[in-house]
Amino acid sequence: MLPLKVPTTPTVCDGSGAPTAIGVDLGIVRLATARHPGGVFVVNGKPIRHRRERYVALRKRLQRHRRADRVRAMRGKERRWMTDLNHKVSR
């Protein structure tokens, strides 16, 4: 374990030139929470988690019915959707 000192001086300036602190927290329940001088920006993760659970249930059902061809056809769809969503949130 190494002690680490991080300077607490903000590195971003707002429109008036005053230093401003901006913070982003990534999580599961709230996908992203950003604090900035204008307020707080929150992205709710509940519908995202619900959709990912639907993908899991669909794969499970298809595999139970031995439809590997359908599982193979939708390969990567969830990953591409999540990558796109993360990109949109980060912008």
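Residues numbered from 1 in each chain as written. Predicted model: local features only at pLDDT ≥ 70, side-chain atom pairs only at ≥ 80, totals over all residues. Heavy atoms only, no water.

A. Region of the structure containing helix H1 (residues 46-64). Taking 1.5 Å per residue as the helical rise, H1 with its 19 residues ought to reach 27 Å, and the 27 Å between its terminal C-alpha atoms agrees with that figure. Listed as buried for H1 are Ile48, Tyr55 and Leu62. Viewed end-on, H1 has its buried residues packed into an arc of 55 degrees, placing them on one side of the element. Residues of H1 that are exposed and point more than 90 degrees away from the buried face comprise Lys46, Arg54, Lys60 and Arg64. Within two residues after H1, Arg66 carries a phi angle of roughly 55 degrees, on the positive side. (Helix = DSSP H or I, 4+ residues; strand = E, 2+ residues; numbered from the N terminus. Expected span 1.5 Å × (residues − 1). Buried < 20%, exposed > 50% of the residue type's maximum accessible area, 1.4 Å probe, protein only. Arc of directions from axis to C-beta.)

B. Layout of helix H3 (residues 77-90). When the terminal C-alpha atoms of H3 are compared, their 20 Å separation across 14 residues agrees well with the 20 Å that a helix rising 1.5 Å per residue should span. Among the residues of H3, Glu78, Trp81, Met82 and Leu85 are the ones counted as buried. All buried residues of H3 project into a common sector of 95 degrees when viewed along the axis, lining one side. Facing away from the buried side of H3 by over 90 degrees, the exposed positions are Arg79, Thr83 and Ser90.

C. Up close: the packing of aromatic side chains. One pass over the structure, following the stated rule, counts 1 aromatic pair. Seen in terms of ring centroids, Tyr55 and Trp81 are 6.4 Å apart; in terms of plane orientation they differ by 50 degrees. Their pairing is tilted. Highlighted residues: Tyr55 in helix H1 and Trp81 in helix H3, separated in sequence by 26 residues. The class for Tyr55 is buried, based on a relative accessible area of 9%. Given the relative accessible area of 18%, Trp81 is considered buried. (Phe/Tyr/Trp six-rings, centres within 6.5 Å; stacked < 30°, edge-to-face > 60°.)

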